[in-house]
Structures are given as C-alpha cells and as structure tokens.
Amino acid sequence: MTMLAITEGRILRPDLSVTAADVLIDRDSGEISAIGPDLAGDADETLDAANSLVTPGYVNGHCHVAMSLLRGYADDKPLDAWLQEDIWPAEGALTSDDVRAGAELGLLEMIKSGITAFADMYFHIPDIADAVETAGLRARLGHGIVTVGKDGDAAREDARTSLEIAREFDGAADGRISTAFMPHSLTTVGSEYLDEFVPDARAAGVPVHYHANETEDEVAPIVDERGVRPLEYAAEMGMLEPEDFVAHAVHVDDTEIDLLAEAGTGVVHCPASNMKLASGMAPVQQLLEAGVTVGLGTDGAASNNDLSMLDEARDAAMLGKLAADDASAVPAEAVVDMLTGESAAVIGLESGRLEVGAPADLAVIDLEQPHLTPPHDLVSHLTYAAAAADVRHTVCDGRILMRDREVLTLDEAAVRENALEAAEALSARVDG
Ligand SMILES: CSC[C@H]1O[C@@H](n2cnc3c(O)ncnc32)[C@H](O)[C@@H]1O
Ligand SMILES: [Zn+2]
C-alpha cells in the first residue's frame, strides 16, 4: 500500500465543524483511510497543510469545459442571441483538436481552483475523455444533442451518438469517468427523439442531464404548444428520475418545484451564468425548503467567464438572498454543502465529504491571506471570501494533481500556448 498524508491542516468535516488533524490516504484504493493526529509516520509522501483549510474537492455540477476556448469571444448578450449569433457559429467551426485544447485549458483552471469533479455536456467527447484521463479529475461526460434545424437523419444520428458515447465511456479512466445521456434542452430536442432514446438511456443505466427552465423564452413555447410547464413535460417524457439532473431551473413555478422534490431529480444552480446572460434568479431558497437537492455549476467559461467554484459559491449566497429578499436565505452552510457533497450527489458521485472510506478528493486552502484573516468562521470564509488563487493543493482519487500551486498532471505553459494558437486560428476561420 502506498500512503499519502496531508499534515497539520484544519479539516472541514461533513457536519461543517473544523478540527485540527492529519488526513491519511490510501493511494491504491483512492480512499481516505484515517483522519486524526500524527499520521505522517504512516505515509510515504506528505502534503503540508499548516495554516490551511482541508476541504472536500469542489464539484462543478454543470460545465462545457472546452468552451474555455471561447472565453471573452461574445459577451453582454442574452442567451438566445449569444448562442445563435456568436457561439453556435463558432462551435460549428471547432475541430476535435480545438475541443481538446479548450478542454485542457479548462481542466487546468479547474485543478488550480480546487475542483476535483465535474459534469460536462459537449461534443468530441473522446477527446475530452482523453484529456480528463490525463488531467486526473473525475467527470460525468455526455454528448449534447441538438435536433432543431437538422433533418430527421442528422437529428437521429446526434441522439444515437449521445447514447453510444454514454455506453462506451461509462467507467473509463479506471472508473473516474461516468456518463449521461444529454439532450441540450426541452426546446432544442424534438419530442420524437426523447420518446425514442430516453428509454434506451434507462436501459443503459445512465442518467439524463439537460438545460431546463433557464430563460422565460424557453418556458413559453412549451406552455403554448403543450399546455403544461416544461418540467411537467419532462416528467411525461420520463426525464425526471432520481438519477437525472437539470441545469439552471431559474423559471420554475411551485408545481415544478414540488415535482423536482417528489422525483428526487437534482438541480445544478449556475448563478454567474444566470446573472451574466440576465436569465433570471433561481428560487434557490424555495428549492432547498422543498427538499430539492441543489448543487452548483459554473456553466461554460464563455458565459461566466471563469471556472472557479469558489466564485460560484459567493455568487450563490449573494444572489440567493436577493432572490428571496431575505438576508438569511441561502446561508454559508448551505452553500458549502452545495459546493461539495450536494453537487456530488446531484451528479451521482460519492465524493464531496472528508471521512474515512470516502473518495480522496480534496482541496487545500491557504489561510495565510489578508482576505481570510481573522479566521472567525472558516465556513463563512469558504463561501464569501476564498478565491481560486488561495488553493494550494488539489488531490483527486488519492493522486496529487496540484502541489503548492504547481499542477503536476498537465504542462501549464504548453496547455496555454496550445489554447492560444487554437483560439487564434478559430477566430481567423470564423471572423476572417
Ligand atoms: C450541444 S453541446 C452543449 C451546448 O450548450 C451550449 N451552451 C452553453 N451554455 C449554455 C447555456 O447557458 N444554456 C444553453 N446552452 C448553453 C453550448 O454552447 C453547446 O452548444
Ligand atoms: Zn450549460
């Protein structure tokens, strides 16, 4: 057995208490084997966590990691115009090498900000999966289906690809990669394709993940055409199961909130993207009170414009209060749960908690910073004050991905250089 010890840190426990202890990790199983005093002697390698907070790795519940290549490409527009006028034309010109370059850039940023797991919807999934395998994170990956604007054959092919990718990559990278069937949304995928393929996804044992109720423009056509709210329609299509998860859920009414709670379907709240695209304020406090499992996600870097879950945590707390018109809404404790264990539960992973037997997925925050002083309440600091640059070490599955702010699994300079070249060439192809 090879053991790694994280020493001298303050450990954020599942009940959100903080205690001084070491963490011992069995690198072969990728699990936490002990938490307690003086464990360094049991290890063959140590990571120093003095004056630091050891937390579960952050779980990014909804992302399009390769969109890092499109960061800053188009800003200051609402969702529909942003997608139709800028993003979709640019994505139409992306090669598999571009997607790989964008994915590596996003993975690098995620490791540097303490993210150890994420769910991702995009295309060229074999390239993204390969990058994830190298980078060392956990991921639930899926091919995003869009059938609007396609003829029947192309639309069916897109849906079939999503199903085949989900079957082929589930369990890849020694089990660090899992998959989902991923229709883009309830308005961009025709009901005939959902009717045909959702049962196949169930038979394959993979969840269904999609954007839902993100903007008012997305709700109205479903209500007009079908006479029901989008999530009632999703339930009719068999897409509201306990393992399924939706992104955004901004414009949900009371009936839909009850439906989510009864079904056990999780929601990934994406506050930064929802603010930037002016999509609206999700009723997060109401969702939590109804018993819906709520996680957090960055969405892609083109609508955020970074991949920091610590930014997302602060945004979730701030926006949650504004939406509820109540300063006690979406408190720091709820946000830390959403950042870690709840996000993991939403996307169907076991990580997100520091306890014996749990996956060894951790982030270590350097507390020796002016903005983290004094340490009155470290749960408060994690939600309101900590930033990506405060992350010292990142560990996933017992493997050190970043030590003392140096990423070990990717060559940072090469990843940036490659992404720069790919982005420049893409702009020249698309914009001339
Ligand atoms: C077909 S792969 C996924 C698809 O989703 C697009 N996308 C990125 N951000 C959002 C968002 O906030 N709402 C809806 N769709 C989004 C992305 O550009 C890809 O085309
Ligand atoms: Zn999205």
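Fair warning: this is a prediction, and the values are worked out from it, not measured in the lab.

**Q** Mind laying out the overall build of the chain, listing which residues take part and the relevant values?
**A** When helices and strands are tallied, the chain shows 15 helices and 18 strands. In terms of overall size, the chain behaves like a compact globule, its C-alpha atoms giving a radius of gyration of 21 Å where 432 residues would be expected to give roughly 22 Å. Taken along the three principal axes of its C-alpha coordinates, the chain extends 65 × 45 × 40 Å. Out of the 432 residues belonging to the chain, those deemed buried represent 56%. Excluding contacts between residues fewer than 6 apart, the proportion of contacts in the chain whose partners are at least 24 apart in sequence is 74%.

**Q** Outline the packing of helix 11 (residues 309-324) against helix 12 (residues 332-339), listing residues and values.
**A** Their axes nearest at 10 Å, the elements helix 11 and helix 12 cross at an angle of 145°. As helix 11 runs across helix 12, the sense of the crossing is right-handed. The residues of helix 12 that touch helix 11, namely those facing Met 309, Ala 313, Ala 316 and Ala 317, are Ala 332, Val 335, Met 338 and Leu 339. For the contact of helix 11 with helix 12, the class distribution of residues is 8 nonpolar, no polar and no charged.

**Q** How would you explain the site of ligand 1 if you had to name every residue and give the values?
**A** Surrounding ligand 1, one finds 17 residues, the nearest of these being Ile 87, Met 121, Gly 144, His 184 and His 211. Sorting the residues of the shell around ligand 1 by element identifies helix 1 (79-92) and strand 7 (115-122) as the ones contributing at least two each. Take the shell around ligand 1: its biggest share by element is 4 residues, from helix 1. Here the shell around ligand 1 is built from residues that sort into 7 nonpolar, 7 polar and 3 charged.

**Q** Give me helix 1: which residues, what numbers.
**A** The sharpest bend along helix 1 reaches about 35° and sits at Asp 86, with the proline Pro 89 one to four residues further on. Where helix 1 is concerned, the buried positions are Leu 79, Leu 83, Ile 87, Ala 90 and Glu 91. Packed against the buried residues of helix 1 are helix 15 (412-431).

**Q** Break down the packing of helix 4 (residues 152-169) against helix 5 (residues 191-204) for me, citing the residues and quoting the values.
**A** At their nearest, the axes of helix 4 and helix 5 sit 10 Å apart, and the two run at 10° to each other. In this view, helix 4 runs roughly parallel relative to helix 5, as classed from their interaxial angle. The residues of helix 5 that touch helix 4, namely those facing Ala 155, Arg 156, Ala 159, Leu 163, Ala 166 and Arg 167, are Tyr 193, Phe 197, Asp 200, Ala 201 and Ala 204. Class assignment for the residues of the contact of helix 4 with helix 5 results in 8 nonpolar, no polar and 3 charged.

**Q** Account for the UniProt feature "domain: Amidohydrolase-related" (unreviewed entry) in the chain, with residues named and values stated.
**A** According to UniProt, the positions carrying the feature "domain: Amidohydrolase-related" (unreviewed entry) are residues 53-400. Secondary structure over residues 53-400 splits into 44% helix and 17% strand, and the C-alpha atoms at its two ends are 16 Å apart.

**Q** Residues and numbers for the sheet that holds strand 11 (residues 209-212), please.
**A** Ordered by their spatial adjacency, 4 strands build an open sheet running 11-12-13-14, and the pairing between neighbours is parallel. Of all the strands in the sheet, the pair left with one neighbour each is strand 11 and strand 14 (294-296). Taking the axes of each pair of neighbouring strands and ignoring which way they run, one obtains an average angle of 30° across the sheet. Alignment of strand 11 against strand 12 (residues 245-248), held across 4 bridges, turns out to be parallel. Bridge pairing in strand 12 places His 209 opposite Phe 245.

Conventions we followed
- Residues numbered from 1 in each chain as written.
- Chains lettered and ligands numbered in written order.
- Predicted model: local features only at pLDDT ≥ 70, side-chain atom pairs only at ≥ 80, totals over all residues.
- Helix = DSSP H or I, 4+ residues; strand = E, 2+ residues; numbered from the N terminus.
- Rg over C-alpha atoms; globule rule 2.2 N^0.38 Å.
- Buried ≥ 20, exposed ≤ 12 C-beta atoms within 10 Å, placed from the backbone.
- Contact = placed C-beta atoms within 7 Å.
- Axes fitted to C-alpha atoms, helices over the stretch in contact; angles between N-to-C directions.
- Left-handed = near helix turned anticlockwise from the far one by under 90°.
- Nonpolar A, V, L, I, M, F, W, Y, C, P; charged D, E, K, R; others polar.
- Near = placed C-beta within 6 Å.
- Bend = angle between axes of the 7 residues up to and from the residue.
- Parallel < 35°, antiparallel > 145°, perpendicular 65-115°, else oblique.
- UniProt positions renumbered as here; feature names shortened; annotations may be inferred.
- Pairing = 2+ DSSP bridges.

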